[in-house]
Amino acid sequence: MRTHPLVIVDGVRTPFCKMGTDLAGVDAEELGRIAVNALLSETGIDPGIVDEVIFGCVGQPPHAPNLARVIALNAGLPNSVRAVTVQRNCASGFEALTQAAEKLAAGSGEVFIVGGAESMSRAPFLFSDRARKNWTQLFKQRSLGGRLSAMRRFRGNDFVPRPALKLALQDPICGLAMGDTAEVLARDFKITRDQQDHFALQSHARALAAQEKLAEEIRPVFPGLGVKDLVERDNGVRTPDQLKKIGRLRPVFDTRTGSVTAGNASQITDGAVALLVVSEAVAEKYDLPVLGTLREWHYSGCEPERMGLGPVYAIHEVLRKTGIALSDIDLVEVNEAFAVQLLAVAQALESQAFARNHLGQDRAVGSLDTDRLNVNGGAIALGHPVGATGARLALTTLKELHRRGQNRALVSACIGGGQGAALYLERNPS
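The model shown is predicted, which means the values in this text are computed figures rather than measured ones. (Residues numbered from 1 in each chain as written. Predicted model: local features only at pLDDT ≥ 70, side-chain atom pairs only at ≥ 80, totals over all residues. Heavy atoms only, no water.)

Caption draft 1: Inspection of the overall build of the chain at higher detail. Scanning the chain for helices and strands turns up 15 helices and twelve strands. Taking 430 residues into account, the globule formula puts the C-alpha radius of gyration at 22 Å, and the chain, at 22 Å, falls close to it. Dimensions of the chain along its principal axes, counting C-alpha atoms only, are 75 × 55 × 45 Å. Across the 430 residues in the chain, those meeting the buried criterion constitute 55%. If you take every contact in the chain between residues at least 6 apart in sequence, the share linking residues at least 24 apart comes to 80%. Carbon together with sulfur atoms contributes 51% to the accessible area of the chain, which is approximately 18300 Å² in total. Where the 48 positive side-chain charges of the chain centre and where its 47 negative ones centre are 9 Å apart. (Helix = DSSP H or I, 4+ residues; strand = E, 2+ residues; numbered from the N terminus. Rg over C-alpha atoms; globule rule 2.2 N^0.38 Å. Buried < 20%, exposed > 50% of the residue type's maximum accessible area, 1.4 Å probe, protein only. Contact = heavy atoms within 4.5 Å. Areas by Shrake-Rupley, 256 points an atom, 1.4 Å probe, with all protein chains shown as cover. Lys, Arg positive; Asp, Glu negative; His and termini not counted. Charge placed at Lys NZ, Arg CZ, Asp CG, Glu CD.)

Caption draft 2: Region of the structure containing the pattern of salt bridges. The tally for this structure, following the rule as stated, stands at 25 salt bridges. The partner of Arg219 in a salt bridge is Glu42, with the nearest N and O atoms 2.3 Å apart. In this pair, Arg219 sits in the loop between helix 9 (211-215) and strand 8 (269-279) while Glu42 sits in helix 1 (residues 28-43), placing the two residues 177 residues apart along the sequence. By relative accessible area, which is 18% here, Arg219 ends up buried. Where Asp197 meets Arg193, a salt bridge forms, and the shortest distance between an N and an O atom there is 2.8 Å. Residue Asp197 and its partner Arg193 are located together in helix 8 (residues 193-209), separated by four residues, close to a single helical turn. By relative accessible area, which is 6% here, Asp197 ends up buried. Through salt bridges that share partners, Lys213, Glu216, Glu400, Arg403 and Arg404 make up one connected network. (Salt bridge = Lys/Arg side-chain N within 4 Å of Asp/Glu carboxyl O.)

Caption draft 3: Representation of unusual backbone geometry. Located in the positive-phi region is Asp287, a residue other than glycine, with phi close to 50°. Within the element layout of this structure, Asp287 appears in the loop between helix 10 (280-285) and strand 9 (292-301). The phi angle at Asn374 is positive, at roughly 45°, despite the residue not being glycine. Mapped onto the elements, Asn374 comes out in the loop between helix 13 (352-359) and helix 14 (379-382).

Caption draft 4: Expanded view of a nonpolar patch on the surface. On the surface, a nonpolar cluster with roughly 220 Å² of combined accessible area is contributed by Met19, Leu169 and Ile268. Within the fold, Ile268 resides in the loop between helix 9 and strand 8. (Patch = residues over 30% accessible without salt bridge, like charges linked within 9 Å, V, L, I, M, F, W, Y side chains within 5 Å.)

Caption draft 5: A look at the side chain of Asp171. Mapped onto the fold, Asp171 is located in the loop between helix 6 (164-168) and helix 7 (178-188). Among buried charged residues, Asp171 stands out as having no salt bridge; its nearest opposite-charge side chain is Arg306, 12 Å away. Not counting residues within four places of it along the chain, the set of residues in contact with Asp171 comprises Leu176, Met178, Pro304 and Gly417.

Caption draft 6: Looking closely at the packing of aromatic side chains. Evaluation of the coordinates by the stated rule reveals six aromatic pairs. Ring geometry for Phe253 versus Phe338: centroids 6.5 Å apart, planes at 80°, classification edge-to-face. One end of the pair, Phe253, is in the loop between helix 9 and strand 8; the other, Phe338, is in the loop between strand 10 (331-334) and helix 12 (339-350), with 85 residues separating them in the sequence. An aromatic cluster is built from Trp135, Phe139, Phe154 and Phe159, whose rings are joined through pairwise contacts. The residue whose ring lies beneath Arg2 is Trp297, and the NZ or CZ to ring-centre distance is 3.6 Å. Cation over ring: Arg13 sits above Phe16, and NZ or CZ is 4.5 Å from the ring centre. (Phe/Tyr/Trp six-rings, centres within 6.5 Å; stacked < 30°, edge-to-face > 60°. Lys NZ or Arg CZ within 6 Å of the ring centre and 35° of its normal.)

Caption draft 7: A look at helix 1. Here helix 1 contains 16 residues, and its C-alpha end-to-end distance of 23 Å stays within 8% of the 22 Å for a straight helix at 1.5 Å per residue. In the core, the buried residues of helix 1 are packed alongside strand 1 (6-13), strand 3 (52-56), helix 2 (67-74), strand 5 (111-119) and strand 8. Note on helix 1: the residue one or two positions beyond its end, Gly44, has a positive phi of about 70°. (Expected span 1.5 Å × (residues − 1).)

Caption draft 8: Inspection of the environment of Ala106 at higher detail. Here Ala106 shows up in the loop between helix 3 (92-105) and strand 5. Put simply, Ala106 and His4 are 102 residues apart on the chain and 9.2 Å apart in space, counted from C-alpha to C-alpha.

Caption draft 9: Representation of the nonpolar core in the model. Judged by nonpolar contacts, the single largest core of 46 residues is most densely connected at Leu326, Phe338 and Leu368. Looking at this core, the elements with two or more residues in it are helix 7, helix 8, helix 11 (310-322), strand 10, helix 12, helix 13, strand 11 (408-415) and strand 12 (419-426). Ranked by residue count, the leading element in this core is helix 12, at eight residues. Those residues in contact with Leu368 that lie beyond four places of it in its chain are Leu326, Val332, Val334, Val345, Ala346, Leu349, Glu350 and Leu373. (Core = buried A, V, L, I, M, F, W, Y, C linked by side-chain atoms within 4.5 Å.)

Caption draft 10: Representation of the packing of helix 3 against helix 15 (residues 389-404) within the structure. Two elements in contact, helix 3 and helix 15, have axes whose closest approach is 4 Å; the angle formed by their N-to-C orientations is 70°. What the angle tells us is that helix 3 and helix 15 run roughly perpendicular. For the pair formed by helix 3 and helix 15, the contact residues are Gly93, Phe94 and Leu97 on the first element and Gly390, Ala391, Leu393 and Ala394 on the second. (Axes fitted to C-alpha atoms, helices over the stretch in contact; angles between N-to-C directions. Parallel < 35°, antiparallel > 145°, perpendicular 65-115°, else oblique.)

Caption draft 11: Representation of the pairing of strand 9. Within strand 9, nine of the ten residues are buried, leaving the element largely enclosed by the surrounding structure. Alignment of strand 1 against strand 9, held across three bridges, turns out to be antiparallel. The residue of strand 9 that forms the bridge with Leu6 is Leu294. (Pairing = 2+ DSSP bridges.)

Dropping the structure here:
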C-alpha cells in the first residue's frame, strides 16, 4: 500500500437538492464556500497552514473558471494558499482526494482542503455554431447599417439554445447518452425493470431510515444569496407513499423496449462537500482527530458504451494492490449512477467468466453483500452532484465505519467516458 497515507480529519457537506429546487439559485462557488467555511469553523484549523484547496467540478461556471480558487478566497483563506479545480466526470470528488495524496507523497504540501461542488441547476444554455458566428459578426459592427445587415443573417433557430447539461451527458466517442449505456448493461446482464425498481426502492428506504445519521454530515444553507428558506436536508429522498408510482414511470432513453427511468436512475442534483485532509505528521502535531485514512486507490479504463462497469476493473485493482479480499471489506459504497449499472457491477464481480475474459483472473472478484452495500442509500435517493459525489461517498462511509466500530471500506464509482474509480479507506490510522 502507499507509503505516505493521507489522513481524513473531518468533512461536511451542504444538503443535496434536486435540480431546479431549493438550491437552484446558488452558484457552485457559493455552495463550495458554505461547505469550506463550515469545515474551517468546526475543525478550528488555521487557514494559514493550508497548502492547497483542490475541488472537483464537472460543469465549471464560465464566471469562475478555477472554481477552487474562488471558493478558497471567498471562504477567507489567505491569498498565499494555492487552489486547483479538477475534473474526472463523476469521480471528480475522488480525484480531488487522490491528488492531495499524490501531492503529499511528492512533498508538495501536507494540509489540504478537498471536495467538490456542483450546481447542475445553473448549467448554461448554448447557442449553435451558426448562431455564434452571427452574434460575433453583429458585435463587430460599428455602424447602424452594418448592424442591420448582420441582423438579417439570423434565422429563428439561432435563438433556440441547447442545454449544456444534455450535451455533457452524451458520450462523444460512442455517441450514447449515459442512460443509453445503462440500457446496454441491462441487455448484457439480462437485468429486468422490476429488479431495477426494487433496487431504487431499497435506496430510498435506506436513505429515509438514515436521515438522522446523514444529518450529522450536513450543514444548512441559510436564506440569502439565492435561497429563500432555510435548507437543512437532502430533498430527493422519498417516502413509501411517494414511491407508489415508480413502477409506472416510462423509460427515458429507449422509450420502446428500455427499462431505465427517472425513478431508477440517480437524481440530477446541486450540492457541495469539503474534507480536511493532512499528513499523519500534521495530525499528530496538532492533535487532530482522525476520521480515516486513504490507503490505496486506482482508476481504470473500460469501453465507453459500458462505462457503468468501470468499478469492477478499479475494485479488482485496489484489492490486488492491498492483498485484501472483497469479503474482508466491512462497508462498500458504489455510486448509484443507475440501478441497472450497480446491479451489473455486482454480477460482474461475482462472475468467474467475467474475471477470466476481462480481468485475466481465474477466480471471480467476490460478492457485494447487500447488508454492507450502500447501507444509507445512494445517489438514486440522495442525488448525484457529479463534481462532489466522490467526496460525499468517502465522508458518508467513514462516518458509518465509526458508528459501527468497523475498520475497512471500499468506495467506487463509474465514470462517464469509460472509466472506473475505487478507493480503499481505513478507520484506524495505524
